[in-house]
Structures are given as C-alpha cells and as structure tokens.
Amino acid sequence: MRDKIIEIILDQDGGFISGEELSKYIGISRAAIWKHIKILKEEGYNIESVNKKGYRLIEIPKDLLTYKNINHKLNAKIIGNKIIHFETIGSTNDYAKEIASNEDEGTIIISEEQTNGRGRLGRQWYSKSYDGIWMSVILKPNIMPYEAPFITLIAGASIAKALKNLGVETLIKWPNDVILNDKKISGILTELSAEIERVNYIVLGIGINVKTMEFSQEISDIATSLYKENYKISRVDIVKNILEEFEKLYFKYVNENSKEETLDICRKYSAIIGKEIYLLKNKSKELVKCLDINKDGNLIVEKKNKTIQEIVSGEVSIRGVEGYV
Ligand code: BTN
C-alpha cells in the first residue's frame, strides 16, 4: 500500500497531489492515507503536507531503487525495461517466481527491505531497509536446464566488473560469492523452473551489502559491506552498472553461445584459483588445490593423491584453508 502511495507521489515530480485524489487512486480513506504518509516520513521520505494542496515530495531520495532512478540513462536493451520496486517484501526471488510466467525477460524485482531474504542451502539472507541491494532478475534463456548454473557465473562476473568500474576491487569465490577484503559482500541465488529439455524461467537473485555497518554475530567474521570497507557508493549506480555488465555477458552467452568473456573475468578475479581450499559436501571435508575454471564453468581441482577432478557448481561448498576464502 505504502509502495503505491510513494509511487504516486513520485510520479508528480515534486508537484502536489491532494489527499482526496490519493484516497481515490488507492481506495482507502483520507485518514488512512495520512497514517501511511506519517510512516513514510518516519522512513525518511521528505514529504510536505500543505492544507488544501495535499502532499508533495520535497526532495526525491536519490538513492532509492525505483524504476525512475535506475532506468534513467540505463544502457540496456531488455534487462531493467521493467522494474518492480517495493519498500518491503518477503523475498524478491519468491515474488519473481510467482510472476515470472507472465512477465517478460529482463523484468527486475527490487526491494528496499526483505523480511524473508533467502540465501543458498536454505540459509537466511539479512536484508535490512536501505542497507543493500536485494534484487531478482527474471530470465527466459533458450538453453538446456543443465546449463543454468552458468547464469550464476555471468552474474558473479558482472558484479565484479561493475564494482571495478566504480573503483572497488573484488574477487569472485566460485561460483556465487563476491568477496571484498576477504569477506563476503555479495551472494547470488539462481533458481530454475524447467522441463526436462527446456527452461521455463530462471530467477537470478542478487544480494549486495552496501551500507550495513553491523552484522549479526554468526556472520560478522565472514560478511562485510561496501560502506564498512570505506567505499561510499550509491546503490543506484551499482545496480545500473550491474545490469549493463550483466546484459552484455548474458547476450554473448545466449545469442552467440560465447562463454569466453565471462570465464575470463571469473578467472581473472578468482579468489580461489591457485589456492588450497576445502571442499565441503554433506559432512565430509576434503583439502584440494584449485587449478582452474574450465570452458564449461566448472572448477578443476587437484586432490591429495594428485588426481584431477571437475567440480560442478551446486555440488559442494568451498572454504579457504585459513577461513572463509
Ligand atoms: C547466498 O549467498 O547464499 C545467496 C544470497 C542471495 C540473496 C538475494 S537478495 C535478493 C534475492 N532474494 C532472496 O530472497 N535472495 C536473493
């Protein structure tokens, strides 16, 4: 409800909209509108209310992840053509999956807050209001279902590349984490709906810790944010850069069947190639040396007995010898 109110107020481009008009558009009483406006003000929206004129936004929050802010001069053909923005939602991935069948490829779901943000392996993903980027991209590539994990690599590569464009050197912990100063700043959750030989849709979920200064005790040793590492960058700029970089690599993959650029970035920015790592699977933990990422995007490792093994993403978790990376 509040999302709708703020969207309508934003649409006025700084002009007034009366309480009566708002209550007609939304279908609730003027008193109810007033209550929502009060909460929006508490959330940081600088809304002025003037008798007989109504409400207007004095200053448009520049770093709000709205369609207007993100789509402005966005250099992309399909990714970000439609952006559905929420103040709060359970999980952008869950919502994306609900609507994916009826939406075009490239539609983005983005929320200022998630109350039920999900990470891989059923973990929780902390997604406080305005602290980060919590978004999902709906994709409908014409690929085989077993090829879907490559989309995660494209996402990781585009996040690292986008942050590099903005002056931040990150590393990719194959297949789905982005690392800054040895801690995780971003995670990717790729979810697939498919038949045996055909992808219905993929929901690519991206979480980036931007402004978070304090993490819960369980993750404070392994998680960080851009602000915490002294990179004060606008969330809107990060999203725009990611969408643009993502589209370039995604088109290369789906239109030209070319994986090379993504693989080059994943290798160049790899946090684990050349290092000893632990492979975690069920309760087992195996020390291996990480050699390369092969042409399919799988990890090539050397075991203690010198045999070479190819690891497919999703099969294992990875830990560094001295900690998270
Ligand atoms: C991980 O590292 O475990 C993956 C984290 C993915 C988090 C993002 S935030 C946006 C999207 N919605 C979710 O519920 N999860 C993903």
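Our structure's up above, just so we're on the same page.
Residues numbered from 1 in each chain as written. Predicted model: local features only at pLDDT ≥ 70, side-chain atom pairs only at ≥ 80, totals over all residues. Heavy atoms only, no water.

Student: So what's going on with the environment of L189? Which residues, and what values?
Tutor: Here L189 lies in strand β8 (residues 183–195). C-alpha separation for the pair L189 and S111, spaced 78 residues apart in sequence, amounts to 16 Å. Discounting chain neighbours no more than four positions away, the residues touching L189 are N93, R118, G119, R120, V203, L204 and G205. (Helix = DSSP H or I, 4+ residues; strand = E, 2+ residues; numbered from the N terminus. Contact = heavy atoms within 4.5 Å.)

Student: Requested: an account of the site of the ligand, with residues and values cited.
Tutor: Surveying the vicinity of the ligand reveals 21 residues, the closest of which are S91, Q114, R118, R120 and K184. Taking Q114, its side chain carries an N or O atom lying 2.9 Å from a nitrogen atom of the ligand. Separating an oxygen atom of the ligand from a backbone N or O atom of R120 is a distance of 2.6 Å. For the ligand, the protein covers 98% of the area, taking 410 Å² as the surface of the free molecule. Residue assignment for the shell around the ligand shows that the elements contributing at least two residues are α5 (92–99), β5 (132–139), β8 and β9 (198–209). For the shell around the ligand, the element with the most residues is β8, which contributes four residues. Across the shell around the ligand, the residue classes tally to six nonpolar, eleven polar and four charged. (Near = heavy atom within 4 Å. Polar contact = N/O pair within 3.5 Å; in protein donor to acceptor, adjacent residues only side chain to side chain. Areas by Shrake-Rupley, 256 points an atom, 1.4 Å probe, with all protein chains shown as cover. Nonpolar A, V, L, I, M, F, W, Y, C, P; charged D, E, K, R; others polar.)

Student: Residue-level account of the pattern of salt bridges, with values.
Tutor: Considering all chains together, one arrives at 22 salt bridges under this definition. Notably, a salt bridge pairs K97 with E191, separated by 3.1 Å at the nearest N-O pair. Here the residue K97 occupies a position in helix α5, and E191 occupies one in strand β8, the gap between them amounting to 94 residues. In this structure E191 comes out as buried when scored by relative accessible area, which is 16%. In this structure, a network of salt bridges that share partners links the residues D63, E112, K211 and R235. (Salt bridge = Lys/Arg side-chain N within 4 Å of Asp/Glu carboxyl O. Buried < 20%, exposed > 50% of the residue type's maximum accessible area, 1.4 Å probe, protein only.)

Student: So, α5: which residues are in play, and what are the values?
Tutor: Here α5 has its buried residues at T92, N93, A96 and I99. Angular distribution of buried residues about the axis of α5 spans 135 degrees; they occupy a single face of the element. Contacts from the buried residues of α5 go to β3 (83–86), β4 (108–111), β5, β8 and β9. At the N-terminal end of α5, a side-chain oxygen is found 3.2 Å from the backbone nitrogen of N93, two or three residues along, and the residue is S91. (Arc of directions from axis to C-beta.)

Student: Residues and numbers for the packing of helix α6 (residues 149–165) against helix α8 (residues 260–268), please.
Tutor: Closest axis-to-axis distance for the α6/α8 pair is 9 Å, and the angle between their directions is 60 degrees. Judged by the inter-axis angle, α6 sits oblique to α8. Remark: the crossing between α6 and α8 carries left-handed chirality. Along its contact with α6, which presents F150, L153, I154, A157 and K161, the element α8 presents T262, L263, I265 and C266. Looking at the contact of α6 with α8, its residues break down into seven nonpolar, one polar and one charged. (Axes fitted to C-alpha atoms, helices over the stretch in contact; angles between N-to-C directions. Parallel < 35°, antiparallel > 145°, perpendicular 65-115°, else oblique. Left-handed = near helix turned anticlockwise from the far one by under 90°.)

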